[in-house]
Amino acid sequence: MSYLIYLISIAIIYNALTPLFNLRKNSIHLIVVSTVSLSLAMIFLAILRWDIIGVWVAKIYLIVLALCFLLAALYKRQTRAKELACLPQWGKLTLVFFVFSTPLLTLYFLPAKHTNSAPKSDVIDFEFPLRCGRYYVVQGGAHAIYNHHHGVNAQRYALDITKLGAFGTRASGLTSNHLPDYYIYGEPVFAGCKGIIQHTTTGLRDSKIGASLKTDLPPEGNSVALKCGYATIIYAHLAKNINVKQGQSVSPETIMGYVANSGRSTEPHLHIHAVKGQHLSRQMFLFDASPLVMLFSGKELARNSIIENHRQSALCKKLTQQHTQKGPVETGPFR
């Protein structure tokens, strides 16, 4: 499947660039083919997310898209009206769709709007909890179009974070069903601040890839709620071997658990959000409490943000290998 995705990407780029080398001959038909390919590809990527094919391919795609717009503009200046009139009806409709949808979809794929206008009382600043490489924010931002958590009050500014490999992909197999293939799986999660553990959910086994819609699963899976100053920070979808207990004091360097795929999670990732105040009630810190904007060492993150953090790569590599080599990933009963 991964090779098929790359072949589709190559075909898209080829069709997009063809008019550059054949502007005079059959130009209008080539432009239509390019716009059809690009329009369908943008829908494909919008549904499956850019990071499935790699964030670097996504950036190249935007450049190719800009070239196609430039090419279409140049051709329109050189062609005669009767040539455009000969364009098939499906070609005209495609061009109309392309013109109106491309700006919206392009905005969707660019870094999301941040929320740094929030008052200081609505912000919590702490250290980024992952320290082993390059990370990517899949969901996050101040609007529902960037963040599917936005409709839940406590999770309005939540982040879903995954890890990127050398080619900007999340897993070695792209569409793999094997959890350890995901680069973030088994990675240690650091507390990031000094605080007290308020609540833990433990003992849940990993969900299978794409099996998160089962209604009997607690949405957060294995999780930790950490009281940090005037905030409670929630770390979710962890492995069942949580390292901390309720009432325990932790430092920013404390490893609380490991990233996994427990709960209603489609693939391994770290979900994190923060709320105001101290909350022992799961209902409160997951759903009802007032949300806080999270800053990580002064930096705010949102959808499509990329974070470089290699502070403890050697330790992370060792711990991740130990965690993922304990045996086959367990699925089945969730208690």
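Residues numbered from 1 in each chain as written. Predicted model: local features only at pLDDT ≥ 70, side-chain atom pairs only at ≥ 80, totals over all residues. Heavy atoms only, no water.

**Student:** Explain unusual backbone geometry residue by residue, including any values.
**Tutor:** A positive phi angle, near 70°, is found at His237, a position not held by glycine. The residue His237 is located in strand S7 (residues 231-238) in this model. (Helix = DSSP H or I, 4+ residues; strand = E, 2+ residues; numbered from the N terminus.)

**Student:** Can you break down the pattern of salt bridges residue by residue, with the values?
**Tutor:** Evaluation of the coordinates by the stated rule reveals nine salt bridges. The partner of Glu127 in a salt bridge is Arg131, and the shortest N-O contact between them spans 2.8 Å. Of the charged contacts in the structure, one is a salt bridge between Glu253 and Arg131, with a shortest N-O distance of 2.6 Å. Here Glu253 is found in the loop between strand S8 (249-250) and strand S9 (255-258), whereas its partner Arg131 is found in the loop between strand S1 (123-126) and strand S2 (133-139), with 122 residues between them in sequence. Under the relative-accessibility criterion, Arg131 is labelled buried at 0%. Salt bridges linked by common partners bring Glu127, Arg131, Glu253 and Arg311 together as one network. (Salt bridge = Lys/Arg side-chain N within 4 Å of Asp/Glu carboxyl O. Buried < 20%, exposed > 50% of the residue type's maximum accessible area, 1.4 Å probe, protein only.)

**Student:** So what about the packing of aromatic side chains? Which residues, and what values?
**Tutor:** Overall, the coordinates contain three aromatic pairs when judged by the stated rule. Consider the rings of Phe128 and Phe296, whose centres lie 5.4 Å apart with planes at 80°: the pair is edge-to-face. Highlighted residues: Phe128 in the loop between S1 and S2 and Phe296 in strand S11 (residues 291-296), separated in sequence by 168 residues. Through successive ring pairs, a cluster of aromatic residues spans Phe126, Phe128, Tyr135 and Phe296. (Phe/Tyr/Trp six-rings, centres within 6.5 Å; stacked < 30°, edge-to-face > 60°.)

**Student:** Kindly report on the state of the cysteines, identifying the contributing residues and their values.
**Tutor:** Enumeration over the complete set of coordinates arrives at one disulfide. Across a sulfur-sulfur distance of 2.4 Å, Cys193 and Cys228 are joined as a disulfide pair. Of the two residues, Cys193 is situated in the loop between strand S4 (188-190) and strand S5 (195-201) and Cys228 in strand S6 (residues 222-228); the sequence distance between them amounts to 35 residues. Taken as a pair, Cys193 and Cys228 share a single burial class, namely buried. (Disulfide = S-S within 2.5 Å.)

**Student:** Which residues make up the nonpolar core, and what are the values?
**Tutor:** Counting 45 residues, the largest nonpolar core has Phe126, Leu130, Tyr235, Met256 and Ile272 as its most contacted members. Residue contributions to this core peak at four residues, all from S7. Contact partners of Phe126, with chain neighbours within four places excluded, come to Ala191, Gly192, Cys193, Ile233, Tyr235, Ile272, Met294, Leu295, Phe296 and Ser297. (Core = buried A, V, L, I, M, F, W, Y, C linked by side-chain atoms within 4.5 Å. Contact = heavy atoms within 4.5 Å.)

**Student:** Give a description of the pairing of strand S13 (residues 306-309) that names residues and reports values.
**Tutor:** Side-chain positions along a regular strand alternate between the two faces of the sheet. What you see with S13 is a clean split: Ile307 and Asn309 sit on the buried side and Ile306 and Glu308 on the side with no burial. For S2 and S13, the ladder comprises four bridges, and the chain directions are antiparallel. In the strand pairing of S13, Tyr135 is matched with Ile307. (Pairing = 2+ DSSP bridges.)

**Student:** Explain the confidence of the model for the protein chain to me, and be specific about the residues and the numbers.
**Tutor:** Considering every residue of the protein chain, the mean pLDDT works out to 76; 59% of them sit at 70 or more. Counting interchain partners and residues more than four positions distant, the pLDDT-below-50 stretch residues 1-7 has 10 contacts. A low-confidence stretch, residues 327-335 stays under pLDDT 50, and its non-local contacts, those more than four residues away or across chains, total 22 contacts. (pLDDT = per-residue confidence, 0-100.)

**Student:** Describe the environment of Ala158, and please don't skip the residues or the numbers.
**Tutor:** Residue position: Ala158 is located in the loop between S2 and strand S3 (159-163). Residue classification places Ala158 among the buried residues on the basis of a relative accessible area of 0%. Separated by 143 residues in the primary sequence, Ala158 and Leu301 place their C-alpha atoms 9.9 Å from one another. Beyond its immediate chain neighbours, meaning those up to four positions away, Ala158 contacts Gln139, Gly140, Asn147, His149, His271, Ile272, His273 and Met294.

**Student:** I'd love a proper account of the side chain of Asp160, names of residues and values included.
**Tutor:** Within the secondary structure layout, Asp160 lies in strand S3. Polar side-chain contacts of Asp160 include one of 3.4 Å to the side chain of His148. (Polar contact = N/O pair within 3.5 Å; in protein donor to acceptor, adjacent residues only side chain to side chain.)

**Student:** Outline the side chain of Glu187, listing residues and values.
**Tutor:** In this structure, Glu187 sits in the loop between S3 and S4. With sequence-adjacent residues up to four places away left out, Glu187 is seen in contact with Leu130, Cys132, Tyr135, Lys163, Gly257, Tyr258, Val259 and Thr320.

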